[in-house]
Amino acid sequence: MNQSILSSLKKAKPTANSTSQYPDWVLASPPVTKKLFDAITTLYEEIEYKIEKGFIEDIDWSLGPIIKCEIAKKAAVNPSNIRKDRQPNLYDYIALKNHELKELLPSKAQKKQPKSKKSKTNKDYKNEIKGLKNKLKQNENEKYKEFFNQIIESHLTKKQKDLALRNEQLLLEVKNHEETIRNLREKLNQYMKQLSNL
């Protein structure tokens, strides 16, 4: 991400009565982009507050912590509106805000962490396993839904040569996503083994 893009992304958050404080790329985009931008700002502030107070256990650092499904839910829009080919600047902005949140972790959240960590109980493992299963299902549903939506759109709007190229890109995205799912399953299996040893 070059310096000019970085500086344009780091504009102040919007106020209710002003559009001048939105970045230019938001103002130049469809109205849904403004909703998504506001949702990202709200999620950022919520997660920042948790970090400052030391409530970091519920934050998903592996996928975000600001993730697409939560942005769409907060903005009350379809997740298909958050696609890199449609919203490249928004993708860069999400990456930037996630990086900022991760930078906050060592300076603020670590001071709040307890000196000694309690051993996980049977209930703790079950809760983590349940969370991993839900996350895995959500991740699978979201990615494959997006994949097939793009396939349909490609059939309707692109020539066959462009479609073949796009399909290759989509298959690569699915492959990368399957790697994420595989890692989640491995982590789930580890928790199951630890739970069985309790």
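Everything discussed here concerns the structure shown above.
Residues numbered from 1 in each chain as written. Predicted model: local features only at pLDDT ≥ 70, side-chain atom pairs only at ≥ 80, totals over all residues. Heavy atoms only, no water.

**Overview of the overall build of the chain**
- On a plain count of helices and strands, the chain comes out with 7 helices and 0 strands.
- Helices and strands appear in the chain in the N-to-C order α-α-α-α-α-α-α.
- Counting all 198 residues of the chain, 33% fall into the buried class.
- By sequence separation, contacts in the chain at least 24 residues apart represent 68% of the contacts at least 6 residues apart.
- For the chain, the accessible surface area stands at approximately 13,200 Å², while carbon and sulfur atoms represent 51% of it. (Helix = DSSP H or I, 4+ residues; strand = E, 2+ residues; numbered from the N terminus. Buried < 20%, exposed > 50% of the residue type's maximum accessible area, 1.4 Å probe, protein only. Contact = heavy atoms within 4.5 Å. Areas by Shrake-Rupley, 256 points an atom, 1.4 Å probe, with all protein chains shown as cover.)

**Some details on the packing of aromatic side chains**
- Scanning the entire structure with this criterion turns up 4 aromatic pairs.
- Look at Trp 25 and Phe 37: their rings are 5.9 Å apart centre to centre, the planes differ by 75 degrees, and that puts the pair in the edge-to-face class. Linking Trp 25 in helix α2 (residues 24-27) with Phe 37 in helix α3 (residues 31-53), this pair joins segments that are 12 residues apart in sequence.
- Relative to Tyr 93, the ring of Trp 25 has its centre 5.9 Å away and its plane inclined at 55 degrees; by these criteria the two rings are tilted. Remark: Tyr 93 occurs in helix α5 (residues 88-112) and Trp 25 occurs in helix α2; sequence separation between them is 68 residues.
- The class for Tyr 93 is buried, based on a relative accessible area of 3%.
- Three or more aromatic residues joined by ring pairs form one cluster here, namely Tyr 22, Trp 25, Phe 37 and Tyr 93.
- Here the guanidinium or amino end of Lys 97 rests over the ring plane of Tyr 44, the centre of that ring lying 4.2 Å away. (Phe/Tyr/Trp six-rings, centres within 6.5 Å; stacked < 30°, edge-to-face > 60°. Lys NZ or Arg CZ within 6 Å of the ring centre and 35° of its normal.)

**Details of the packing of α3 against helix α4 (residues 68-75)**
- The contact between α3 and α4 brings their axes to 8 Å, and the two run at 110 degrees. Considered as vectors, α3 and α4 are oriented roughly perpendicular to each other. Judged by the sense of rotation from one axis to the other, the crossing of α3 with α4 is right-handed. Residues Lys 35, Leu 36, Ala 39, Ile 40, Thr 42, Leu 43 and Glu 46 of α3 form the contact with α4, whose participating residues are Glu 70, Ile 71, Lys 74 and Ala 75. (Axes fitted to C-alpha atoms, helices over the stretch in contact; angles between N-to-C directions. Parallel < 35°, antiparallel > 145°, perpendicular 65-115°, else oblique. Left-handed = near helix turned anticlockwise from the far one by under 90°.)

**Re the nonpolar core**
- In this structure, Leu 36, Ile 40, Ile 66, Ile 71, Ile 82, Leu 90 and Leu 101 are the most contacted members of the largest nonpolar core, which totals 26 residues.
- Secondary structure elements with two or more residues in this core: α2, α3, α4 and α5.
- Of all the elements, α3 adds the most residues to this core, at 9 residues.
- In contact with Leu 90, not counting residues within four places along its chain, are Trp 25, Leu 36, Phe 37, Ile 40 and Ile 82. (Core = buried A, V, L, I, M, F, W, Y, C linked by side-chain atoms within 4.5 Å.)

**Structural notes on α4**
- Considered for burial, the residues of α4 that qualify are Lys 68, Cys 69, Ile 71, Ala 72 and Ala 75. Projection of α4 onto a plane perpendicular to its axis shows the buried side chains occupying an angular sector of 160 degrees, all on one side.
- In the stretch just after α4, Ala 76 is the one whose phi turns positive, near 60 degrees. (Arc of directions from axis to C-beta.)

**Focus: the pattern of salt bridges**
- All chains considered together, the criterion is met by 4 salt bridges.
- Here Lys 74 makes a salt bridge to Glu 46, at a shortest N to O gap of 3.0 Å. Of this pair, Lys 74 sits in helix α4 while Glu 46 sits in helix α3; the two residues are 28 residues apart in sequence, bridging distant segments of the chain.
- Classification of Lys 74 by relative accessible area gives partly exposed; the value is 40%.
- Relative accessible area serves as the criterion here: at 37%, Glu 46 is assigned to the partly exposed category.
- When the shortest N-O distance is used, the salt bridge between Glu 100 and Lys 97 registers 2.9 Å. In this pair, Glu 100 and Lys 97 are both assigned in helix α5, 3 residues apart and thus about one turn of the helix distant. We note that Glu 100, like Lys 97, is buried. (Salt bridge = Lys/Arg side-chain N within 4 Å of Asp/Glu carboxyl O.)

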